[in-house]
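Summary of structural features
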Amino acid sequence: GGSTAGYFDNPYITHLEDLQKVIEKGTAANQAGIYGPALAVRTWSFSYLTNTWGDIPYFDALKGDVTGGSLSPKYDAQKDIFTDMFAVLDKASKDMAAAGAAGGDLAGGDPIYGGDLLHWQKFANSLRARLALLLVNKDPATANTQLAAAFAAPGGVFTSNADNAELAWPGDGVYNNPWAAFFAGRDDNRVSLALMNLMKSLNDPRIPLYSQPSPDDGTYKGAPNALTAEKAAVFICCSSRVTAQMFPGNTAYGFFGGSGNSFPSFLLTYAEVALIQAEAANRSLGGLTPAQAAGFYNAGVTASIEQWGGTAANATAYLAGPNVAYVPGTPGLVEIGQQKWLALFADGGTAWAEWRRTCVPYTISPGADASKANIPRRLQYSTTEVSVN
């Protein structure tokens, strides 16, 4: 609980509080171009909180400075939170579409889309599709309804990498990409063996895009997860660091290339959305049919490779390979799950939520020195919640 406190507390006291103020001011001014994007990003952030912890303070949260508001907000059921998130995204998309240019925009105050409301509609709808598919095992009827609504909502969903929701970091030493800031001062992270083995088994062109060659022999190697410091030491020397794209160049322990301080953070990508569409088509959900699945699958894999610096030719060759070329039916669901997990590199929260839903890749297992014999399904609540709420 102590180690999760920052992850749980910080969204509430930083950006969620800021977004709430933008929503309140935009709503008071009746400007959907102000409150619509903020509603979408607030929902994006809350979705990580509930995916990570389950029940969380939601409806009564962010009201500590409001008359009658509570400093100990109640916990809401995850089902109720999801129901509201769908409604909020529906409102945001429709309000922005109805307002158009008259709805105002955030312009320079929007580091993701520069105030482009069509892109924000696509973001809201694409996020709605992500959340809908998470329910497919638990509530397939709602998943189907919400997928159809997301695909049909004003603006539709992402259709290319040009739609990707990327937070562009200035890289000015004040606002740097958090990964680059992390790697600047510590050198005890390596590419996971589970990730590397899957990519190697598929002859994946993203191996050199996601990782750096091993310093001892120039090959690409993963390191096992969940080892003691003593056991991990033998892998630190000789396995692959994460891609230089995420490194700031100079670090406290050497130079590893990269302009990582200004590397964007991906909030939501076309690769993920196309693979959501592929799975929906495979399952005949959201108005899509199995005949459409291969097209969406190929588009999603191609988009991921190109997003990380690969080429269309890389993607074409890869998609012809064994265990990558799309196969209809249940085998296709496994392929889609693998490719989405690979495409979610650098978005661990979503990758974990997807793995819990699909169990793909099947090779994920607790490390040798893990404290429990099973993969966690959620994190422990923050110790600060125990003490103050």
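Data block above holds the structure.
Described in the following lines is the structure provided in the data block. (Residues numbered from 1 in each chain as written. Predicted model: local features only at pLDDT ≥ 70, side-chain atom pairs only at ≥ 80, totals over all residues. Heavy atoms only, no water.)

Looking only at helices and strands, the chain has 16 helices and six strands in total. Relative to the 2.2 N^0.38 estimate, which gives 21 Å for 389 residues, the radius of gyration of the chain is 21 Å and therefore close to what a compact globule would have. Each principal axis of the C-alpha atoms in the chain carries an extent, and together these give about 60 × 50 × 40 Å. Taken over 389 residues, the chain has a buried fraction of 49%. Nonlocal contacts in the chain, meaning residues at least 24 apart in sequence, comprise 68% of its contacts between residues at least 6 apart. For the chain, the accessible surface area stands at approximately 17,100 Å², while carbon and sulfur atoms represent 58% of it. (Helix = DSSP H or I, 4+ residues; strand = E, 2+ residues; numbered from the N terminus. Rg over C-alpha atoms; globule rule 2.2 N^0.38 Å. Buried < 20%, exposed > 50% of the residue type's maximum accessible area, 1.4 Å probe, protein only. Contact = heavy atoms within 4.5 Å. Areas by Shrake-Rupley, 256 points an atom, 1.4 Å probe, with all protein chains shown as cover.)

The omega torsion across Val360 and Pro361 is 0°, close enough to zero to call that bond cis. Relative to the helices and strands, Pro361 resides in the loop between helix H15 (348–358) and helix H16 (383–388). Positive phi, close to 55°, is recorded for Asn30, a residue that is not glycine. Looking at the secondary structure, you find Asn30 in the loop between helix H2 (15–28) and helix H3 (32–53). On the basis of relative accessibility, which here comes to 62%, the residue Asn30 falls in the exposed class. In this structure, Asn203 takes a positive phi of about 55° despite not being glycine. Residue class for Asn203 comes out exposed when judged on its relative accessible area of 66%.

This part takes up the nonpolar core. Ranked by internal contacts, the top residues of the largest apolar core, which has 98 residues, are Tyr12, Phe46, Trp120, Phe123, Leu147 and Tyr297. Considering each element in turn, this core owes the most residues, eleven residues, to H3. (Core = buried A, V, L, I, M, F, W, Y, C linked by side-chain atoms within 4.5 Å.)

All right, on to the environment of Trp308 then. One can find Trp308 in the loop between helix H12 (293–307) and helix H13 (312–319). Using a relative accessible area of 1% as the deciding quantity, one classes Trp308 as buried. Sequence separation between Trp308 and Ala107 is 201 residues; the distance between their C-alpha atoms is 27 Å. Ignoring sequence-local partners within four residues, the contact set of Trp308 consists of Leu209, Tyr210, Thr243, Gln245, Met246, Phe263, Phe266, Phe345 and Ala346.

Summed over all chains, the structure comprises one disulfide. Linked covalently through their sulfurs, Cys237 and Cys238 form a disulfide whose S-S length is 2.2 Å. Taking the sign of the torsion about the S-S bond as the criterion, the disulfide between Cys237 and Cys238, at about -85°, is left-handed. (Disulfide = S-S within 2.5 Å.)

Here we come to the environment of Ser371. Tracing the backbone through its elements, the reader meets Ser371 in the loop between H15 and H16. The exposure class of Ser371 is exposed, given its relative accessible area of 74%. C-alpha separation for the pair Ser371 and Leu275, spaced 96 residues apart in sequence, amounts to 34 Å.

Right, let's get into the packing of aromatic side chains. Within this structure, the stated rule accounts for 23 aromatic pairs. Taking 4.8 Å as the distance between ring centres and 70° as the angle between the ring planes, the aromatic pair formed by Phe46 and Tyr58 counts as edge-to-face. Taken together, the residues span a long stretch of sequence, with Phe46 in helix H3 and Tyr58 in the loop between strand E1 (56–57) and strand E2 (75–76) at a distance of twelve residues. There is no split in this pair, since Phe46 and Tyr58 are both buried. Geometrically, the ring pair formed by Phe263 and Trp308 is tilted, given 5.6 Å between the ring centres and 35° between the ring planes. Note that Phe263 is positioned in the loop between strand E5 (254–255) and strand E6 (265–268) and Trp308 in the loop between H12 and H13, a separation of 45 residues in sequence. Linked through ring pairs, Phe8, Tyr12, Phe46, Trp53, Tyr58, Phe59, Tyr75 and Tyr381 together constitute an aromatic cluster. (Phe/Tyr/Trp six-rings, centres within 6.5 Å; stacked < 30°, edge-to-face > 60°.)

Next up on the list: the packing of H2 against H3. Between two packed helices, what matters for the description is the angle formed by their axes and the separation of those axes. One can describe the packing of H2 onto H3 by two numbers: an axis separation of 8 Å at closest approach and a directional angle of 150°. Here H2 is positioned roughly antiparallel relative to H3, judged by the angle of their axes. As for how H2 packs across H3, the hand of that crossing is left-handed. In contact with His15, Leu16, Leu19, Gln20, Val22, Ile23, Gly26 and Thr27 of H2, H3 contributes Ile34, Tyr35, Ala38, Leu39, Val41, Arg42, Ser45, Phe46 and Leu49. Partitioning the contact of H2 with H3 into residue classes produces eleven nonpolar, five polar and one charged. (Axes fitted to C-alpha atoms, helices over the stretch in contact; angles between N-to-C directions. Parallel < 35°, antiparallel > 145°, perpendicular 65-115°, else oblique. Left-handed = near helix turned anticlockwise from the far one by under 90°. Nonpolar A, V, L, I, M, F, W, Y, C, P; charged D, E, K, R; others polar.)

Further remarks concern the side chain of Thr243. Looking at the element boundaries, Thr243 is found in the loop between helix H10 (229–236) and strand E4 (250–251). Accessibility expressed as a relative area gives 3% for Thr243, which makes it buried. There is a polar contact of 3.1 Å between the side chain of Thr243 and the backbone oxygen of Leu209. Residues in contact with Thr243, not counting those within four places in the same chain, are Leu209, Tyr210, Ser211, Gln212, Trp308 and Phe345. (Polar contact = N/O pair within 3.5 Å; in protein donor to acceptor, adjacent residues only side chain to side chain.)

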